[in-house]
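Inside the fold
The chain contents come next:
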Amino acid sequence: MDTAEGPDTHSPRYYGFVAGAMAAGSSLAFGELVAGLSDSIPGLVLAVGEWIVDVTPGDIAARGIETAGTADKPALLWGISIVSLLLGGVLGSISTKHGKSYGITGFALFGLFGGFTAARNPVSPAATSWFWALVAAAIGAGVLSFLLDRPSRPTRLRTTLEDPTDPRATRRAFLAWSAGAGAAALSTVGIARRVSGTSAAETARDTITLPTAATSTAVAPAPAAGAPIGAPAGLSSYITPNSDFYRIDTALSIPQVDPSTWKLSFTGMVDNPFEITYDEILAMDLVDHTITLSCVSNEIGGNLVGNATWTGVPLDALLDRAGVQAGAGQIVGRSRDDWTAGFPTEVIGDGRNAMLAVGMNGEPLPIRHGFPARLVVAGLYGYVSAVKWVEEVHLTTWDGFDGFWVPRGWSKLGPMKTMSRIDVPKRNAKVAAGLTPVAGVAWAPTRGISKVEISVDDGAWTQCELGEVTTDESWVLWHTGWQAAPGRHTIAVRAFDGSGEEQPLGPASPRPNGAEGRHRVRVDVT
Ligand SMILES: Nc1nc2c(c(=O)[nH]1)N[C@H]1C(S)=C(S)[C@@H](COP(=O)(O)O)O[C@H]1N2
Ligand SMILES: [Mo]
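First things first, this report covers the structure right here in the doc. Keep in mind it's a predicted model, so treat the numbers as computed, not measured. (Residues numbered from 1 in each chain as written. Chains lettered and ligands numbered in written order. Predicted model: local features only at pLDDT ≥ 70, side-chain atom pairs only at ≥ 80, totals over all residues. Heavy atoms only, no water.)

**Observations concerning the packing of helix α2 (residues 44–55) against helix α5 (residues 100–120)**
Interaxial distance between α2 and α5 falls to 8 Å at its minimum, and their mutual angle equals 70°. By the angle between their directions, the pair α2 and α5 is classed as roughly perpendicular. When you trace α2 past α5, the crossing you get is left-handed. Every residue of α5 that contacts α2 at Leu44, Ala47, Val48, Trp51 and Asp54 is listed here: Phe113, Gly114, Phe116, Thr117, Ala118 and Arg120. Taken together, the residues of the contact of α2 with α5 break down into seven nonpolar, two polar and two charged. (Axes fitted to C-alpha atoms, helices over the stretch in contact; angles between N-to-C directions. Helix = DSSP H or I, 4+ residues; strand = E, 2+ residues; numbered from the N terminus. Parallel < 35°, antiparallel > 145°, perpendicular 65-115°, else oblique. Left-handed = near helix turned anticlockwise from the far one by under 90°. Contact = heavy atoms within 4.5 Å. Nonpolar A, V, L, I, M, F, W, Y, C, P; charged D, E, K, R; others polar.)

Here it is, written out as structure tokens:
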């Protein structure tokens, strides 16, 4: 039996646990350091996270990855780190009971699993990923072995009764070593964070000045462009600033793509497969188009929608050069991180804007929005079209390929549904009685919005003022005044698209092809 004697009330299993957790921490920290020093080697936590994202069934992934935007990603990575430390602890305590070979074998298995997940990352060479994962595991095994030797030595001494070593001292020594290992691990992670701070992509992006577009559907950049007269504070701005634009993707670490080596390939059912560089794209005639992008996962009243002026080249110019073959029914975009989306070839040339975008609201694409280039197709949800960090445009048959979210339970076709949202007043707002502004946004790209109405407490519908738009591909800001009487009230909104059709009533949840129903906001008037 393992029992600690004397004033040291903690069992060796406890020491083993601490030692194992510290060893696992050292191993992960080393992995972070290597990842921080390289643009292409994923950290082990990240690699495991990516593996989890990939193997998670669609309905769960739908909630966790697609909808949650960025919020769940740190949670996932923290979870993996904590579980790793706990597993390391368990290995450590098993080792104190059954021998160090158990712990070392355990770390070897960690290394194999880490190597397996890291090697799956499309950005890194598999052999390199394997190598560094195994080195990280070896470091973990080494730290475990070293720490386990610390408390056991005095225990042996004690049983010989020749040495009066105070077990409290040995405990302190052990804890000091463990704390040292923990501190080393933490500072390594800190250093890794710092060195990975600015990527080559970031540095390159900072030096880029986009040429001015020759053609534009963007509203003149007047301060109040797009806002109806008298629109209140709290209403979305017509153009969503890049810093406020929603972000959705499956990437746990944002791909850092160096534009000087980046190429976009046109492949598959084309007569002239070709590659184009970033500089070649900037040398083409650029266009500016204001296009509203929405995520299919946007809930009624949700924020996963934004309106930006995208700068780039029309996709049809590039597809003409590639020579799309008859029978090609699908355009598939593939990203640097191997994410895919596909849409029908018919959307090219039906009058809508479909572009390869390099700019967003007058800046080079922000890294998180797809730098150096992404696809933007008006009127399609992002999951079937808006490939960020795009590297390949592949022509195939309609049945020849399913994009990332299709086998996970989302529709293969993803046309954007007509939708409207109340921005002002906010849900559960306390409103003073009297004339109160009610305002929001409505969108139906590429059909446009012809009318927006609100109704209070299911009463008569009141038509709202619409802001100015220069394209049916962007959202519309709307606004009206409401004579608010004291009490609790519910305001509902409905929009009609350019053909006069009312937004679908549903109710439908986002899965499989977009939410339906009216946004309603309850307020207290006093
Ligand atoms: N490479 C890559 N591109 C992607 C995705 C992704 O997961 N990976 N998600 C898509 C989805 S679901 C949406 S809604 C849009 C969101 O674009 P944004 O983050 O710029 O708003 O990007 C699309 N492009
Ligand atoms: Mo999305």
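**Structural notes on a nonpolar patch on the surface**
Side chains of Phe17, Trp78, Ile82, Leu86, Val90, Ile94 and Tyr102 sit close together on the surface and give an oily, nonpolar patch of about 680 Å² of accessible area. Considering every element that reaches the nonpolar patch, the biggest residue donor is helix α4 (residues 72–98), with five residues. Secondary-structure assignment places Val90 in helix α4. Owing to a relative accessible area of 40%, Val90 belongs among the partly exposed residues under this scheme. (Patch = residues over 30% accessible without salt bridge, like charges linked within 9 Å, V, L, I, M, F, W, Y side chains within 5 Å. Areas by Shrake-Rupley, 256 points an atom, 1.4 Å probe, with all protein chains shown as cover. Salt bridge = Lys/Arg side-chain N within 4 Å of Asp/Glu carboxyl O. Buried < 20%, exposed > 50% of the residue type's maximum accessible area, 1.4 Å probe, protein only.)

**Things to note about the site of ligand 1**
Every one of the 20 residues lining ligand 1 counts as a neighbour, but Tyr246, Thr250, His369, Arg374 and Lys388 are closest to it. At 2.7 Å from an oxygen atom of ligand 1 is found a side-chain nitrogen or oxygen belonging to Arg374. With the chains in place, 100% of the 530 Å² that ligand 1 exposes on its own is no longer accessible. (Near = heavy atom within 4 Å. Polar contact = N/O pair within 3.5 Å; in protein donor to acceptor, adjacent residues only side chain to side chain.)

**Some details on unusual backbone geometry**
That bond from Val424 to Pro425 is cis: its omega, -5°, falls within 30 degrees of zero. Mapped onto the elements of the fold, Pro425 is located in the loop between β12 (419–424) and β13 (430–431). With an omega of 0°, the peptide bond between Gly506 and Pro507 qualifies as cis. Of note, Pro507 is situated in the loop between β19 (487–497) and β20 (520–525). Phi at Asp338 is positive, roughly 70°, even though this residue is not glycine. Turning to its location among the elements, Asp338 is positioned in the loop between β6 (330–335) and β7 (340–344). When its relative accessible area of 41% is taken as the criterion, Asp338 is described as partly exposed. Of note, Asp457 is a non-glycine position whose phi angle comes to about 50°, a positive value. Its location among the elements puts Asp457 in the loop between β15 (449–456) and β16 (461–463). Residue Asp457 is classed as partly exposed on the basis of its relative accessible area of 39%.

**Re the nonpolar core**
As a rule of thumb, nonpolar side chains are buried together in soluble globular proteins. Ranked by size, the top nonpolar core spans 77 residues in total, and within it Phe266, Trp310 and Leu356 carry the most contacts. Of the residues that make up this core, three or more belong to each of domain 2 (215–396) and domain 3 (419–525). Within the second largest apolar cluster, 20 residues are counted, among which are Trp478, Ile491, Ala495 and Val523. (Core = buried A, V, L, I, M, F, W, Y, C linked by side-chain atoms within 4.5 Å. Domains from an automatic or database assignment.)

**Notes on the side chain of Thr292**
Here Thr292 shows up in strand β4 (residues 287–294). Accessibility expressed as a relative area gives 0% for Thr292, which makes it buried. A polar contact of 2.8 Å, which involves the side chain of Thr292, links it to the side chain of Asn307. Excluding residues that lie within four positions of it along the chain, Thr292 makes contacts with Val305, Gly306, Asn307, Met416, Trp443, Pro445, Glu473, Ser474 and Trp475.

**A short note on the sheet that holds strand β14 (residues 434–443)**
Read from one edge of the open sheet, four strands run β12-β14-β18-β17, paired in antiparallel fashion. Sheet topology places β12 and β17 (465–466) at the edges, where each strand pairs with a single neighbour. Pairing geometry for β17 and strand β18 (residues 476–484), over two bridges, is antiparallel. Across the sheet, Glu465 pairs through a bridge with His479, a residue of β18. (Pairing = 2+ DSSP bridges.)

**Concerning the packing of aromatic side chains**
Considering all chains together, one arrives at 16 aromatic pairs under this definition. For the ring pair Phe107 and Phe110, a centre distance of 5.4 Å and an interplane angle of 75° mean the geometry is edge-to-face. With a gap of three residues between them, Phe107 and Phe110 both fall in helix α5, about one helical turn apart. Classification of Phe107 as buried rests on a relative accessible area of 0%. Plain terms: the ring middles of Trp443 and Trp475 are 6.3 Å apart, the flat faces sit at 50° to each other, and that makes the pair tilted. Separated by 32 residues along the polypeptide, Trp443 in strand β14 and Trp475 in the loop between β17 and β18 bring together distant segments of the chain. Each member of the pair, Trp443 as well as Trp475, is classed as buried. (Phe/Tyr/Trp six-rings, centres within 6.5 Å; stacked < 30°, edge-to-face > 60°.)

Distances and angles like these do not, on their own, reveal function.
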